[in-house]
Amino acid sequence: MTNVTMMTIDFNKNNDGLVPAIIQDATTQKVLMLGYMNQDAFEKTQKTQKVTFFSRTKQRLWTKGEESGNFLHLVDMKLDCDQDALLVKVNPVGPTCHKGTDTCWEEENNASYGFLSKLEAIIQNRKDQAEGKVVQEEGAKPSYVSSLFKSGINKVAQKVGEEAVEVVIEAKDNDDKLFKDESADLLFHYLILLQAKGFTLKDIVAVLEARHS
């Protein structure tokens, strides 16, 4: 855990003895909620390893999950550059919001892989087109990905194999651009293969995480 001590936090900057605590899932990196801590809440959080806040409404300490059982287990705490705000990374148990949602912004607490997640969504749309679940715009040309899905799993798997061979060939050469281009092609077709088999990156990451634990 990062060495954040009570002595380094400026609890008096806002004249109320409180600092905002941004709660973030340590695994998915999703922001779950915002709460406030005073010195006692900070100390109790460190002692129990369960995130405790100071409730401005009830004017008392409250440990998230003390009634619902949806605790926020502490993983790490970081102090911002002005020493008056905390980033608290946690492993949440159940939904975080009191309304029953994963986050206080009504978002699902799923991992995002940046552009790759966006690409997966596009591939899913093309798969839906191939299966007739999404109506293609009139006059629009069939997409490459939709056509590949329609060709069947053997064709998709074959393309992954072909791209893998290309990556191996370029890895032995000194043309970095070609190597990166072929690597991108391989990854793109692998994402297609995953969805053709009914999986996504999330499923593969789960396997890797299980191996790591």
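Just so it is clear, the model here is predicted, and its values are computed rather than measured.

Caption draft 1: Main features of unusual backbone geometry. Unlike most non-glycine residues, Gln29 shows phi in positive territory, near 70 degrees. The topology assignment puts Gln29 in the loop between strand 1 (19–25) and strand 2 (31–37). Residue Gln29 is classed as partly exposed on the basis of its relative accessible area, which comes to 38%. Despite not being glycine, Gln59 shows a phi value in the positive range, around 55 degrees. Tracing the sequence through the fold places Gln59 in the loop between strand 3 (52–55) and strand 4 (60–63).

Caption draft 2: Region of interest: the nonpolar core. The biggest cluster of nonpolar side chains holds 19 residues, and the ones touching the most others in it are Ile23, Met37, Leu86 and Val88. Counting only elements with at least two residues in this core, the list comes to strand 1, strand 2, helix 1 (39–48), strand 5 (72–79) and strand 6 (86–92). Counting residues in each nonpolar core, the second largest holds 13 residues, with Leu119, Val156, Ile192 and Leu194 among its members.

Caption draft 3: Representation of the UniProt feature "domain: Phosphoribosyl-AMP cyclohydrolase" (unreviewed entry) in the protein in the model. Mapped onto the present numbering, the UniProt feature "domain: Phosphoribosyl-AMP cyclohydrolase" (unreviewed entry) falls on residues 33–105. In the segment residues 33–105, helix accounts for 14% and strand for 38%; the C-alpha atoms at its two ends are 8 Å apart.

Caption draft 4: Examining the environment of Ala26 more closely. By the element assignment, Ala26 lies in the loop between strand 1 and strand 2. Ala26 sits in the partly exposed class, given a relative accessible area of 23%. In sequence terms Ala26 and Val93 are 67 residues apart; their C-alpha atoms lie 12 Å from each other. With residues near it in sequence (within four places) discarded, Ala26 still touches Val75, Lys89, Val90 and Asn91.

Caption draft 5: Region of interest: helix 1. For helix 1, every residue scored as buried is listed here: Ala41, Phe42 and Thr45. All buried residues of helix 1 lie within an arc of 100 degrees about the axis, which places them on one face of the element. Two or three places before Asp40, at the start of helix 1, stands the capping residue Asn38, its side-chain oxygen 3.2 Å from that residue's backbone nitrogen. Backbone geometry just after helix 1 places Gln49 at a positive phi near 65 degrees.

Caption draft 6: Geometry of the layout of surface pockets. Quantified by volume, the largest pocket comes out at close to 600 Å³. Around the largest pocket, the lining comprises 22 residues; the ones closest to its centre are Met33, Ser55, Trp62, Lys64 and His98. Put simply, the parts of the chain that give the lining of the largest pocket at least two residues each are strand 2, strand 3 and strand 4. With four residues, strand 2 is the largest single contributor of residues to the lining of the largest pocket. Of the residues belonging to the lining of the largest pocket, the class tally is eight nonpolar, eight polar and six charged. Size it by volume and the second largest pocket reaches roughly 160 Å³.

Caption draft 7: Inspection of the pattern of salt bridges at higher detail. Across all of its chains, the model carries nine salt bridges by this definition. Glu66 is paired through a salt bridge with Arg60; the nearest N and O atoms lie 3.3 Å apart. Overlapping salt bridges, with partners in common, bring together Lys127, Glu131 and Lys133 in one network.

Caption draft 8: Structural context of the pairing of strand 6. Sheet topology note: the strand 1/strand 6 ladder contains five bridges and is parallel. Considered in strand 6, the bridge of Gln24 is made with Lys89. In terms of strand pairing, strand 5 meets strand 6 through seven bridges, oriented antiparallel. Looking at strand 6, one finds that His73 is bridged to Asn91.

Caption draft 9: Up close: the domain arrangement of the protein. According to the domain assignment, the protein contains domain 1 (1–106) and domain 2 (115–210). For domain 1 versus domain 2, the separation of C-alpha centres amounts to 40 Å.

Caption draft 10: Spatial organisation of the sheet that holds strand 6. Taken together, four strands build an open sheet; the order of strands is 2-1-6-5 and the sheet is mixed. The sheet is open, and its two edges are formed by strand 2 and strand 5, each paired on a single side. Within this sheet the neighbouring strands show an average axis-to-axis angle of 30 degrees, counted without direction. Relative to strand 2, strand 1 runs antiparallel, the two being bridged by six bridges. Across the sheet, Ala21 pairs through a bridge with Gly35, a residue of strand 2. Across the face of the sheet, helix 1 comes into contact with strand 2, strand 5 and strand 6 while running at roughly 125 degrees to strand 5.

Conventions adopted
Within every chain, residues take consecutive numbers counted from 1 along the sequence as written. The predicted nature of this model means local features are confined to residues of pLDDT at least 70 and side-chain atom pairs, given and counted, to a pLDDT of 80 or more, with totals for whole chains, interfaces and linings taken over all residues. For side-chain calculations, the full set of non-hydrogen atoms in the structure is used, while hydrogens and water are omitted. The way it works is that DSSP assigns letters per residue, a run of H or I at least four long becomes a helix, a run of E at least two long becomes a strand, and they are numbered from the N terminus. For each residue, the accessible area found with a 1.4 Å probe, counting protein chains only, is set against the maximum for its type, and the residue is called buried under 20%, exposed over 50%, and partly exposed in between. We call a set of buried Ala, Val, Leu, Ile, Met, Phe, Trp, Tyr and Cys residues a nonpolar core when their side-chain atoms join them within 4.5 Å. UniProt positions are given in the numbering used here, feature names are shortened, and annotations may be inferred rather than shown by experiment. For this analysis, residues touch if any pair of their heavy atoms sits within 4.5 Å. Along the arc lie the directions from the helix axis toward the C-beta atoms. In protein, a polar contact means a hydrogen-donor-capable atom and an acceptor-capable atom, both N or O and within 3.5 Å, with residues adjacent in sequence counting only if both atoms are side-chain atoms; elsewhere, any N or O pair within 3.5 Å suffices. Only protein atoms enter the 1 Å grid, on which a cavity is a set of points fitting a 1.4 Å probe that cannot get out and a pocket is an open set with protein on both sides within 12 Å along at least 5 of 7 lines, lining residues being those with an atom within 4 Å of a point. Grid points are joined across faces, edges and corners, and a volume is the space filled by probe spheres set on the points. Residues are grouped as follows: Ala, Val, Leu, Ile, Met, Phe, Trp, Tyr, Cys and Pro are nonpolar; Asp, Glu, Lys and Arg are charged; all remaining types, including Gly, are polar. In what follows, salt bridge is the name for a side-chain nitrogen of Lys or Arg lying within 4 Å of a carboxyl oxygen of Asp or Glu. By this definition, two strands are paired if DSSP reports at least two bridges between them. A domain assignment, automatic or from a database, supplies the domain bounds used here. Fitted lines through C-alpha atoms serve as axes, helices being fitted only where they are in contact, and the angles separating the N-to-C directions of these axes extend from 0 to 180 degrees.

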